[in-house]
Amino acid sequence: MERVTLITGGSTGIGAATARALIKQGHRVAVTGRDADRLAAFAASAGAGERLLTLTGDTSDESHIASAVRHIVGSWGRLDTVIANAGFSLPGTLEDHNPEAMRAMVLTNVLGPALLVRETLPHLRESKGRIVIVGSVAGVRNTPGNLYSVTKWAAHALAENTRLLVAKDGVGVTLVAPGIVDTPFWDKRGGTPEAAPAMSAEQIAEAILFAVNQPEGVDINHLTMRPAGQVN
């Protein structure tokens, strides 16, 4: 039976790299994103045909998540892996953030993964599947006034709370916490920090696949990754 994976924020960066790797491995993959044009461009570049499903929607909107899950299960009959990847950061500190932008970031980075877990758990319990939450090194250390860091601390807590909830059901839960990764994530922050070491999206995708491909009975719970040379 072909495995089915849902990835939020899957049109670029880590999500897109993970989708490509899973498709190559034989999964059917559905990716969500807010930007229909980016999703279409990704679909065209992936060349995966019927093995890829793209769904436009907002991960912080429960109706969008519910609709995506219904579409996937209705089309492919099952759901085995869920990767909560959608998220973004804001430049500056909470002293100069726009309050509405703050609200959007908190909803996307915290409520979004929680809604995804809530909506997919019945299907993952049935398939004995796996959940991957993409966190950040920002979720294990603090930076002055960094609200993004606050959201990632919350995402890390969500991963452990979810693990405690579903461990008895045979559902695996993994938190992957990368350091600096060279992706479009940095576009809103003025680009990847100059001269900073950075990993590629493909390297993070490999770590996600490592967790997803563990044999039955093995659950990788937390992977923290930094590029060699990143101190913080």
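Given the structure is predicted, the values throughout are model-derived calculations rather than measurements.

K.L.:
Would you explain the overall build of the protein chain in this entry?
P.N.:
Per the secondary structure count, the protein chain includes 6 helices and 7 strands. Helices and strands appear in the protein chain in the N-to-C order β-α-β-α-β-α-β-α-β-α-β-α-β. Over its C-alpha trace the protein chain gives a radius of gyration of 17 Å, about what one expects of a compact globule, namely 17 Å for 232 residues. Taking the principal axes of the C-alpha coordinates as reference, the protein chain spans close to 50 × 40 × 35 Å. For the protein chain, long-range pairs separated by at least 24 residues make up 66% of all intrachain contacts whose partners lie at least 6 apart in sequence. Summed over all atoms, the accessible surface of the protein chain reaches about 10,900 Å², with 53% contributed by carbon and sulfur.

K.L.:
Where do I start with the pattern of salt bridges in this structure?
P.N.:
Pairing between side chains becomes possible if they bear opposite charge and their charged atoms approach one another. Throughout the structure, instances matching the rule amount to 8 salt bridges. A salt bridge links Arg51 to Glu2; its shortest N-O distance comes to 2.8 Å. Of this pair, Arg51 sits in the loop between α2 (36-46) and β3 (52-56) while Glu2 sits in the segment before β1 (4-7); the two residues are 49 residues apart in sequence, bridging distant segments of the chain. Owing to a relative accessible area of 24%, Arg51 belongs among the partly exposed residues under this scheme. For Glu2, a relative accessible area of 34% gives the class partly exposed. Among the ionic pairs, Glu160 bridges to Arg163, the shortest N-O distance being 2.8 Å. One end of the pair, Glu160, and the other, Arg163, are both in helix α5 (residues 147-166), 3 residues apart, so they sit about a helical turn from each other.

K.L.:
Please clarify how the packing of helix α1 (residues 13-25) against helix α6 (residues 201-212) should be interpreted in this entry.
P.N.:
The axes of two packed helices give the description: the angle between them and the distance between them. Running from N to C, α1 and α6 cross one another at 55°; their axes reach a closest spacing of 8 Å. The angle between α1 and α6 places the two elements in the oblique class. The way α1 lies across α6 gives a crossing that is right-handed. On the side of α1, the interface is formed by Gly13, Ile14, Ala17, Thr18, Ala21, Leu22 and Gln25, while α6 contributes Ala201, Glu202, Ile204, Ala205, Ile208 and Leu209. Here the residues of the contact of α1 with α6 sort into 9 nonpolar, 3 polar and 1 charged.

K.L.:
Honestly, the nonpolar core in this entry has me stumped. Any pointers?
P.N.:
The nonpolar side chains of soluble globular proteins are, as a tendency, buried together. Within the largest apolar cluster, 30 residues are counted, with the highest numbers of intra-cluster contacts made by Ile7, Val29, Val31, Ile83, Val176, Ile204 and Ile208. Those elements that place two or more of their residues in this core are α1, β2 (28-33), α2, β5 (130-134), α6 and β7 (222-225). Sort the elements by how many residues they give to this core and α6 lands first, with 8 residues. When neighbours within four sequence positions are excluded, Ile7 is seen to be in contact with Gly15, Thr18, Ala19, Leu22, Val29, Ala30, Val31, Thr32, Ile83 and Asn85. Grouped together as the second largest cluster of nonpolar side chains are 27 residues, Ile72, Ile131, Ile133 and Ala159 included.

K.L.:
Where do I start with the pairing of β2 in this structure?
P.N.:
Note on strand geometry: in a regular strand, side chains alternate between the two faces of the sheet. Counting buried residues along β2, 5 of its 6 residues qualify, which places the element largely inside the surrounding structure. Here β1 runs beside β2; their pairing, made up of 4 bridges, is parallel. Looking across to β2, one finds that Val4 is bridged to Arg28. The β-α-β motif built from β1, the intervening α1 and the parallel element β2 has right-handed crossover chirality.

K.L.:
What am I meant to see in helix α4 (residues 99-127) here?
P.N.:
Residue pairs spaced three or four apart in an α-helix point in one direction, given the helix's 3.6 residues per turn. The end-to-end C-alpha distance of α4, which contains 29 residues, comes to 40 Å, matching closely the 42 Å that a straight helix rising 1.5 Å per residue would cover. At Leu121, α4 shows its maximal bend, which comes to roughly 55°, and the proline Pro122 appears one to four places after that position. The secondary structure elements touched by the buried residues of α4 are β1, α3 (62-76), β4 (81-84), β5 and α5. Between the side-chain oxygen at the start of α4 and the backbone nitrogen of Glu100 there is a gap of 2.7 Å, and the oxygen is on Asn98. One or two steps after α4, the chain reaches Lys128, where phi turns positive at roughly 55°.

Scoring rules and cut-offs
Residues numbered from 1 in each chain as written. Predicted model: local features only at pLDDT ≥ 70, side-chain atom pairs only at ≥ 80, totals over all residues. Heavy atoms only, no water. Helix = DSSP H or I, 4+ residues; strand = E, 2+ residues; numbered from the N terminus. Rg over C-alpha atoms; globule rule 2.2 N^0.38 Å. Contact = heavy atoms within 4.5 Å. Areas by Shrake-Rupley, 256 points an atom, 1.4 Å probe, with all protein chains shown as cover. Salt bridge = Lys/Arg side-chain N within 4 Å of Asp/Glu carboxyl O. Buried < 20%, exposed > 50% of the residue type's maximum accessible area, 1.4 Å probe, protein only. Axes fitted to C-alpha atoms, helices over the stretch in contact; angles between N-to-C directions. Parallel < 35°, antiparallel > 145°, perpendicular 65-115°, else oblique. Left-handed = near helix turned anticlockwise from the far one by under 90°. Nonpolar A, V, L, I, M, F, W, Y, C, P; charged D, E, K, R; others polar. Core = buried A, V, L, I, M, F, W, Y, C linked by side-chain atoms within 4.5 Å. Pairing = 2+ DSSP bridges. Right-handed = clockwise from strand over helix to strand, strands pointing away. Expected span 1.5 Å × (residues − 1). Bend = angle between axes of the 7 residues up to and from the residue. Polar contact = N/O pair within 3.5 Å; in protein donor to acceptor, adjacent residues only side chain to side chain.

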